[in-house]
Amino acid sequence: MRRLLLIAAAGAVLASGAIAQEEDPFADAVEMRHGLMLQMATDLGKVGAMAKDEVPYDAAVAGKAAANIAAIASVLSMDQFPAGSEYQKSADSFALPAVWTAQDDFLQKIADLNTAAAAFQTAAATDLDSLKAGMGGIGGACSACHKAYRQPEE
Ligand code: HEC
């Protein structure tokens with residue numbers, strides 16, 4: 001019965017042309033990349049607060065946050081960006097079509113993030129001055145990709 005209801009609901013959604021989370025074949029991929037991005041943002045926030053002297057520098061916490069960013073960067077690939085899962089085609093996606101039309105450059109941006117994250121991992125765990133000096137590199141790797149491949153939220 002529940003199955004029939006689901007099928008009926010699916011038909012209604014398709015008929016109305018709406019993108020519903022349940023019917024969107026890319027919902028899982030979009031959710032996955034959002035989770036990875038949000039974790040990186042959380043970790044970047046931790047080191048950012050130290051860089052801005054909002055919280056005291058803690059080498060262990062900074063090193064762990066930077067290690068997390070490096071680990072997540074190594075996971076990023078086209079696996080989380082299946083073709084078609086773009087802005088206005090897939091629910092919740094802010095990924096611009098250029099991700100797929102300029103895929104080589106997009107992959108290069110992922111590689112650049114990995115390079116920046118590896119350097120930042122050493123810097124963040126060294127001392128506060130090194131962490132501060134390294135912030136531009138890691139933050140720049142995030143924003144370089146967002147500028148080209150992410151639709152800004154209105
Ligand atoms: C290779 C490209 C690329 C890099 C590098 C990158 N991002 Fe993203 N990011 C994206 C794209 C594309 C989106 C939009 C994804 C979507 O909405 O489907 C995004 C979305 C996000 C979001 C929004 C997530 C949500 O729930 O809507 C956050 C936060 C974010 N990125 C943080 C970061 C941080 C922090 C870094 C660096 C440590 C980073 N990103 C590096 C491409 C990148």
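Refer to the structure above for everything that follows.
Undergrad: I tried to follow unusual backbone geometry on my own but got confused; where do I start?
TA: Excluding glycine, most residues fall at negative phi; most peptide bonds, likewise, are trans. Residue Gln 88 is not a glycine yet carries a positive backbone phi of 70°. The exposure class of Gln 88 is exposed, given its relative accessible area of 63%. Of note in the backbone geometry, Asp 92 takes a positive phi value of approximately 70° without being a glycine. The exposure class of Asp 92 is partly exposed, given its relative accessible area of 47%.

Undergrad: Would you take a moment to explain the site of the ligand for this structure?
TA: Around the ligand, a shell composed of 22 residues is seen, among which His 34, Met 37, Cys 142, Cys 145 and His 146 lie nearest. A distance of 2.7 Å separates an oxygen atom of the ligand from a polar backbone atom of Phe 94. With respect to the ligand, the side chain of His 146 contributes an N or O atom lying 2.8 Å from a nitrogen atom. For the shell around the ligand, the secondary structure elements donating two or more residues are helix 2 (27–51), helix 5 (103–126) and helix 6 (128–149). For the shell around the ligand, the element with the most residues is helix 2, which contributes 7 residues. Per-class residue counts for the shell around the ligand are 15 nonpolar, 3 polar and 4 charged.

Undergrad: Please explain helix 3 (residues 59–75) as it appears in this structure.
TA: Along an α-helix, residues three or four positions apart point the same way, because every turn accommodates 3.6 residues. Between its first and last C-alpha, helix 3 extends 24 Å over 17 residues, near the 24 Å set by a 1.5 Å rise per residue. For helix 3, the elements touching its buried residues are helix 2, helix 5 and helix 6. For helix 3, the capping residue at the N-terminal end is Asp 58, with a side-chain oxygen 2.9 Å from the backbone nitrogen of Ala 60.

Undergrad: Explain the coordination of the iron atom of the ligand here, please?
TA: For a metal with four donors in a tetrahedral arrangement, the ideal angle between donors is 109.5 degrees, while six donors in an octahedron ideally sit at 90 or 180 degrees. At the metal site, the iron atom of the ligand is ligated by Met 37 (SD) and His 146 (NE2), and these contacts range over 2.1 to 2.3 Å. Residue classification places Met 37 among the partly exposed residues on the basis of a relative accessible area of 29%.

Undergrad: What am I meant to see in the packing of aromatic side chains here?
TA: One pair of aromatic rings is described through two measures. These are the centre distance and the angle between the planes. Under the defined criterion, the tally for this structure stands at 3 aromatic pairs. Centre to centre, the rings of Phe 106 and Tyr 149 are 5.1 Å apart; their planes meet at 80°, and the pair counts as edge-to-face. With Phe 106 in helix 5 and Tyr 149 in helix 6, this pair connects stretches of sequence that are 43 residues apart. For the pair shown, Phe 106 and Tyr 149 are each scored as buried. By the ring-pair criterion, three or more aromatic residues cluster together here, those being Phe 81, Phe 106 and Tyr 149.

Undergrad: Looking at this model, I keep getting lost on the environment of Lys 109. Mind explaining?
TA: Relative to the helices and strands, Lys 109 resides in helix 5. For the pair Lys 109 and Ala 144, spaced 35 residues apart in sequence, the C-alpha separation works out to 7.5 Å. Sequence-distant contacts of Lys 109, that is, excluding residues within four places in its chain, are made with Ala 144, Cys 145 and Tyr 149.

Cut-offs used in this document
All residue numbers here refer to positions counted from 1 along the written sequence of the relevant chain. Confidence filtering applies because this is a predicted model: local features only for residues at pLDDT of at least 70, side-chain atom pairs given and counted only at 80 or more, and all residues used for totals across whole chains, interfaces and linings. Working from all heavy atoms in the structure, the side-chain values ignore hydrogens and water. Relative accessibility under 20% of the residue-type maximum defines a buried residue, over 50% an exposed one, and the middle range a partly exposed one, all with a 1.4 Å probe and only protein chains included. For this purpose, a residue is taken to be near a molecule or strand whenever a single non-hydrogen atom of the residue falls within 4 Å of it. In the analysis that follows, any N or O atom pair within 3.5 Å is treated as a polar contact, provided that within protein one partner can donate a hydrogen and the other can accept it, and provided that, for residues neighboring in sequence, both atoms belong to side chains. Secondary structure follows DSSP: runs of H or I at least 4 residues long count as helices, runs of E at least 2 residues long count as strands, and numbering of each begins at the N terminus. Residues are grouped as follows: Ala, Val, Leu, Ile, Met, Phe, Trp, Tyr, Cys and Pro are nonpolar; Asp, Glu, Lys and Arg are charged; every other residue, Gly included, is polar. Here the expected span of a helix is defined as 1.5 Å times the quantity of residues minus one. Two residues qualify as a contact provided that any one of their heavy atoms is within 4.5 Å of a heavy atom in the partner residue. Coordination shells were defined by N, O and S atoms within 2.8 Å of each metal, extended to 3.2 Å for Na, K and Ca; water is absent from the atom set, which can make sites look incomplete. Pairs were defined over the aromatic rings of Phe, Tyr and Trp, the Trp ring being its six-membered one, requiring ring centres within 6.5 Å. Orientation was assigned from the angle between planes: stacked under 30 degrees, edge-to-face over 60, tilted for the rest.

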